[in-house]
Amino acid sequence: MQKLFVTDLDVRGKRVLVRADFNVPLQGGEIIDDRRIRECLPTIQWLMENGARTILMSHLGRPGGERAEDYSLQPVALHLGQLLRRDVPLANDCIGPEAQAKLQGLADGGVLLLENLRFHAGETANEPEFAQALASLAEIYVNDAFGTSHRSHASITGVAERVAQCAMGFLLKKELDLLGGALADPRRPFVAVMGGSKVSGKIKVIENLLDKVDQLIVGGGMSYTIFKAMGLEIGKSLLDEGSLEDAAGILEAAEALGPGRLILPLDILAADAFDNDAVTTVCPAGEIPAELEGLDIGPRTIELYGGIVREAGTVIWNGPMGVFEMPTFARGTKSVAAAMAEATARGATTIVGGGDSAAAIKAAGLSDDISHVSTGGGASL
Ligand code: AMP
């Protein structure tokens, strides 16, 4: 891979600014899931062992560009200190005199955490002055915040443009190796499962995957825009008008690649309301009555998709098959999760692109039965 990895660099005695993703869920000031912190430990530990002066930065929640104590990274500093068995000081501000002063006291092998990046509006706006202030703290920049890497924020793209040496950390490398490896040299059949509500966010990925996979399975809200583009009846189902042309393009591209490449639902679980207690009807896909909306894939589709996933050599999955937040419409998503776990047990490589699909895998208690659950939803796409 033509990308620098942190271990390619001589970091001893250097100030290394690491963009981590410590955006952990908090309840009453307590961290209720520390996975994101633990995922970054290999990079931090390697830097400590190799004598770097490690400066960690992250966002937490959405404080909206101003200081808000509820979004302080103090709990993260404490928890990280426990995991590393050493004191991790927190600089009260991520830039300016406070950060510079704390930096002076940082010894080789030491670790400093900067306060929430999003206390400054310049972070999400990628303001040059803010990016420059961050960049001025360090000689080396390491990106290990995979889940945020698709965002053009100051701490991601702005800093990378302003620090002489940039490299990826262990987590970013692991994600790129696994996601990239699946695309470069997949065990076949190679199957992609795409779901979720928006076609617009996934159109480029679908276009990009179509000629690489053996089968691309579509479910969830975005399938209706494709059905509409085929001139079929979708009733009151979700429609992304602005993506109709793109959907037609996908259909055309799939057809050119031959039959069986793009797999669409056979039947749909439709409802008379967007409600868990709605009256439901199974109808053939493309024949949804005008007063109903499709909220999950139907039983024949569940069987078809499950069979394809179970027989695959490699599966990548992003996006739910229905409105899985409501139990009535969660069956399709749950069945894909279960089929992924079965495929893994049979020796397939299975990858779940974060977000809702990762949540569904977790809710089903199957996180350990998947080859890789990515730490980023949008980023993995
Ligand atoms: P996305 O952010 O595009 O991955 O979409 C995820 C969301 O899609 C979830 O909140 C699901 O509830 C929603 N979704 C999936 N299928 C449908 C559907 N048939 N109708 C409406 N929303 C859906």
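Just so it is clear, the model here is predicted, and its values are computed rather than measured.

Reading the values: the criteria
- Residues numbered from 1 in each chain as written.
- Predicted model: local features only at pLDDT ≥ 70, side-chain atom pairs only at ≥ 80, totals over all residues.
- Heavy atoms only, no water.
- Near = heavy atom within 4 Å.
- Polar contact = N/O pair within 3.5 Å; in protein donor to acceptor, adjacent residues only side chain to side chain.
- Areas by Shrake-Rupley, 256 points an atom, 1.4 Å probe, with all protein chains shown as cover.
- Nonpolar A, V, L, I, M, F, W, Y, C, P; charged D, E, K, R; others polar.
- Buried < 20%, exposed > 50% of the residue type's maximum accessible area, 1.4 Å probe, protein only.
- Helix = DSSP H or I, 4+ residues; strand = E, 2+ residues; numbered from the N terminus.
- Pairing = 2+ DSSP bridges.
- Axes fitted to C-alpha atoms, helices over the stretch in contact; angles between N-to-C directions.
- Core = buried A, V, L, I, M, F, W, Y, C linked by side-chain atoms within 4.5 Å.
- Domains from an automatic or database assignment.
- Contact = heavy atoms within 4.5 Å.

### Re the site of the ligand
Step number 1: In the region of the ligand, 15 residues are neighbours, and Ser 197, Lys 202, Gly 294, Glu 325 and Asp 356 sit closest.
Step number 2: At 3.0 Å, a backbone N or O of Gly 221 approaches a nitrogen atom of the ligand.
Step number 3: When the free accessible area of the ligand is taken as 500 Å², the share hidden by the protein chains comes to 82%.
Step number 4: A per-class count over the shell around the ligand returns 5 nonpolar, 6 polar and 4 charged.

### Structural notes on the pairing of strand β4 (residues 53-57)
Step number 1: β4 sits mainly inside the fold: 4 of its 5 residues count as buried.
Step number 2: Where β4 and strand β6 (residues 111-114) come together, 3 bridges link them in parallel fashion. Paired with Thr 54 across the bridge in β6 is Val 111.

### A short note on the environment of Ala 363
Step number 1: Here Ala 363 lies in helix α14 (residues 355-363).
Step number 2: Residue Ala 363 is classed as exposed on the basis of its relative accessible area of 71%.
Step number 3: Sequence separation of Ala 363 and Ala 337 is 26 residues, and the distance between their C-alpha atoms is 9.8 Å.

### Some details on the sheet that holds strand β16 (residues 293-297)
Step number 1: The sheet built from 3 strands is open, its strands ordered β14-β13-β16 with antiparallel pairing. Edge strands, defined here as strands with exactly one partner in the open sheet, are β14 (280-284) and β16. Recorded for the sheet is a direction-independent mean angle of 40 degrees between the axes of neighbouring strands.
Step number 2: By the bridge criterion, 4 bridges tie strand β13 (residues 267-271) to β16 in an arrangement that is antiparallel. When the bridges of β16 are listed, Ala 270 appears paired with Gly 294.

### Details of the nonpolar core
Step number 1: Counting residues in each nonpolar core, the largest one holds 68 residues, and the members touching the most others are Phe 22, Ile 44, Leu 80, Leu 113 and Leu 216.
Step number 2: Mapped onto the domain boundaries, this core takes at least three residues apiece from domain 1 (6-175) and domain 2 (186-373).
Step number 3: Not counting the four nearest positions on each side in its chain, Leu 216 is found in contact with Ala 192, Met 194, Ile 206, Leu 209, Leu 210, Arg 261, Leu 262 and Ile 263.
Step number 4: Counting residues in each nonpolar core, the second largest holds 27 residues, with Val 191, Ile 217, Tyr 305 and Ala 358 among its members.

### Looking at the side chain of Thr 225
Step number 1: Tracing the backbone through its elements, the reader meets Thr 225 in helix α10 (residues 222-229).
Step number 2: Accessibility expressed as a relative area gives 1% for Thr 225, which makes it buried.
Step number 3: Here Thr 225 is in contact with Val 199, Leu 238, Leu 239, Asp 240, Ser 243, Leu 244 and Ala 247, once residues within four sequence places are set aside.

### What to know about the sheet that holds strand β1 (residues 15-19)
Step number 1: In spatial order, the strands read β5-β6-β4-β1-β7-β8; together these 6 strands make up an open sheet with parallel pairing. Pairing within the sheet leaves two strands with one partner each, and these edge strands are β5 (90-91) and β8 (165-168).
Step number 2: Two elements, β5 and β6, share 2 bridges in a ladder whose sense is parallel. Paired with Leu 90 across the strands is Leu 113, a residue of β6.

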